[in-house]
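# Report on the structure
Given next are the chains, with one letter for each unit.
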Amino acid sequence: MPVPEPQEQTPLAAETSPATGLTLLVIEDDPAGTFTVPELPASAGTRIRVRTARNLTEADRLLTDDVDCILLDLALPTGAEARAARATHTGNVRGTTGSAQGATGPAEAAGAEGTGVDALAMLRHVLRLAPRHAVLALTARDDTELAAEAVRVGAQDYLFRGELDGRLLSRAIRYAVERKRADLAQHQLTESRLRAQENARLERGLLPTPLLAGSDLRFAARYRPGRSRALLGGDFYDTVRTPDGTVHAMIGDVCGHGPDEAALGVELRIAWRALTLAGLCGDELLATLQQVLEHERQSEEVFATLCAVDIAPDGRRAGLCIAGHPAPLLAQHGRAAHLLPCEDGGPALGLLPRARWPRRQVDLGGSWSLMMYTDGLIEGRVGEGTRRLGQDGMVAMINQQLAEGLTGEDLLEAAVARVRQLNGDELTDDVAVLLLDRDQERIRRYTGSGLGAYTSRGPAPYSDHYSDHGPGGGRNQNGGRDPNGGRNPSGGPNEGGGRAMNIPRPRPGSASPTNAAGAASGQRPPL
């Protein structure tokens, strides 16, 4: 059935630019008629161009990116797509109505459903054909139920043929276009929220909460993936404290930047935590991790670098294992930050089938900071040339920031921001930085005079950076007492000869005891 022409017959100018006008595609079956829309009042600021298609095949050809809205005549003669949809719908109706359907007969059932099913089949086809375009349904005055069903199916609005005029049609087109834009924006927002929630769940596996309850070490970390708009990368890290009081920390980097590398990094981190809690460390642990890597990687060319340390319960010594990874940075009290030796390190995981990774003993001292990082922090460019920041440049940068009084998370944030600034653009490689520090003066202030540093399993100030309480709600399993009965793990008495004190964690927003200790002593704090 032809679409009636609006009462006002002024055609739109063909030269209307898309920037100041809208394009309407009319799908109707009047081969001789020309569907025109009158020029809008000057106050409206919008002009409409019209294209006409006589069937769905022609509409597919005329539907280009500059089309803003589609007007579909629901009385359009049935096409192949509509007939197929009607056959499917009729079959479903027969299957669900059973014997009652048989009483009326197939012909009567098809006839009863014919017009509505054909129209909705055409509408669904147009919606599949143009999922990002606004669609208006045109129907007869007495087809109110069909018009409402068209909106439920997906049309932005409907128009009655008998009430159609130029001003009403123009207003309906603009409304449909804006409504479709709002629907698309809402859909994109919902998808973004769901994607963000999913990424957050995945990121929870990649960026774990450190298990440091009972330790006197402070923890900070920063992570930035190299992929655009990504939250995940191939870098991974973890920190746990085992029952003997040893703190184990690890940082690694899977070659590549895609989701497969991120997934492999998660697997390696979880395997490292499980093996560490099971009692493995050093060469034995890295050899087992290499087996995990060899079984889980998609290509034999995939490898991973890794740096692992195990810090003794007294906090003064550490074991260091390096598998093709950059050496950690150590800043000790009263000394400039420097790189730990890495000459006797082993190859990256996955390169040599029977590789070994020697464990080097490192003296840390009473107050220190240990920074572990991936190569994304040192491979950024400096200026417009090809020169890289490198490890020497990073050491100089960190020492300068230390001289400015930056510590902890502030230091890591400033370091990553400075590397990006020097690069002149966003970094293309993943960046992960982990920081552990120990302040002996702070420990003494909060354990009481003469008690010394923590060497037992009892809780210590700021031991768990990310949770409100350690196991047992802020106390150890012995109600805050030293589980060794006032003795250290070696069997001798503690330095103070008494119990390990249960120090409550400070509330958010309160003054940091670390800053207070540093101000009182007048000394530069660790990292």
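Figured I'd write up the structure that's included with this text. (Residues numbered from 1 in each chain as written. Predicted model: local features only at pLDDT ≥ 70, side-chain atom pairs only at ≥ 80, totals over all residues. Heavy atoms only, no water.)

### Quick look at the overall build of the protein chain
- If you tally the helices and strands in the protein chain, you get 12 helices and 15 strands.
- Contacts spanning at least 24 positions in sequence make up 72% of the contacts within the protein chain whose residues lie at least 6 apart.
- Just so you have it, the protein chain exposes about 25600 Å², and 50% of that area is on carbon and sulfur atoms. (Helix = DSSP H or I, 4+ residues; strand = E, 2+ residues; numbered from the N terminus. Contact = heavy atoms within 4.5 Å. Areas by Shrake-Rupley, 256 points an atom, 1.4 Å probe, with all protein chains shown as cover.)

### Considering the sheet that holds strand 10 (residues 317–323)
- Reading across the sheet, the 5 strands line up as 7-8-9-10-13 and stay open at both edges, with antiparallel pairing between neighbours. What marks the edges here is a single partner per strand, and that holds for strand 7 (235–241) and strand 13 (360–363). Taken over all neighbouring pairs, the strand axes of this sheet differ in orientation by 20° on average, direction set aside.
- The pairing of strand 10 with strand 13 spans 4 bridges and is antiparallel. Its bridge partner being in strand 13, Gly319 is matched across the sheet by Gln361.
- Of the strands in this sheet, strand 7, strand 8 (247–254) and strand 9 (304–311) touch helix 7 (residues 259–277), which is tilted by about 15° from strand 7.
- Sheet strands in contact with helix 8 (residues 282–296) are strand 9 and strand 10, and its direction is about 30° off that of strand 10. (Pairing = 2+ DSSP bridges. Axes fitted to C-alpha atoms, helices over the stretch in contact; angles between N-to-C directions.)

### Topic: the packing of helix 7 against helix 8
- Interhelical geometry of helix 7 versus helix 8 gives an angle of 150° and a closest axis separation of 10 Å. Here helix 7 and helix 8 pass one another in a crossing that is right-handed. Each of Leu264, Glu267, Leu268, Ala271, Trp272, Leu275 and Thr276 in helix 7 lies in contact with helix 8, whose residues at this interface are Leu285, Thr288, Leu289, Val292, Leu293 and Glu296.
- Counted by class, the contact of helix 7 with helix 8 contains 9 nonpolar, 2 polar and 2 charged residues. (Left-handed = near helix turned anticlockwise from the far one by under 90°. Nonpolar A, V, L, I, M, F, W, Y, C, P; charged D, E, K, R; others polar.)

### Some thoughts on helix 5 (residues 144–153)
- Taken as a whole, helix 5 has its buried residues at Leu146, Ala147 and Ala150. Projected down its long axis, helix 5 shows its buried positions confined to an angular sector of 100°, all on one face. When the buried face of helix 5 is taken as reference, the exposed residues oriented beyond 90 degrees from it are Glu145 and Arg152.
- Looking one or two residues past helix 5, Gly154 carries a phi angle of roughly 150°, positive in sign. (Buried < 20%, exposed > 50% of the residue type's maximum accessible area, 1.4 Å probe, protein only. Arc of directions from axis to C-beta.)

### Let's talk about the side chain of Asn423
- Secondary-structure assignment places Asn423 in helix 10 (residues 408–423).
- Aside from chain neighbours lying at most four places away, what touches Asn423 is Gly380 and Arg381.

### Observations regarding the packing of aromatic side chains
- Applying the stated criterion to the full structure yields 2 aromatic pairs.
- Here Phe219 and Tyr237 contribute two aromatic rings whose centre-to-centre distance is 6.5 Å and whose plane-to-plane angle is 40°, an arrangement assigned as tilted. You can see Phe219 sitting in strand 6 (residues 218–224) and its partner Tyr237 sitting in strand 7, a full 18 residues away along the chain.
- With a relative accessible area of 4%, Phe219 lands in the buried category. (Phe/Tyr/Trp six-rings, centres within 6.5 Å; stacked < 30°, edge-to-face > 60°.)

### Comments concerning the sheet that holds strand 2 (residues 47–53)
- Overall, parallel pairing links the 5 strands, which are arranged 2-1-3-4-5 in an open sheet. What marks the edges here is a single partner per strand, and that holds for strand 2 and strand 5 (157–160). In this sheet, neighbouring strand axes are inclined to one another by 25° on average, regardless of whether the strands run parallel or antiparallel.
- Relative to strand 4 (residues 134–139), strand 3 (residues 69–73) is paired through 5 bridges, and the arrangement is parallel. In the sheet register, Ile70 faces strand 4, and the bridge partner there is Val135.
- Where helix 5 meets the sheet, it contacts strand 4 and strand 5, and its direction lies at approximately 155° from that of strand 5.

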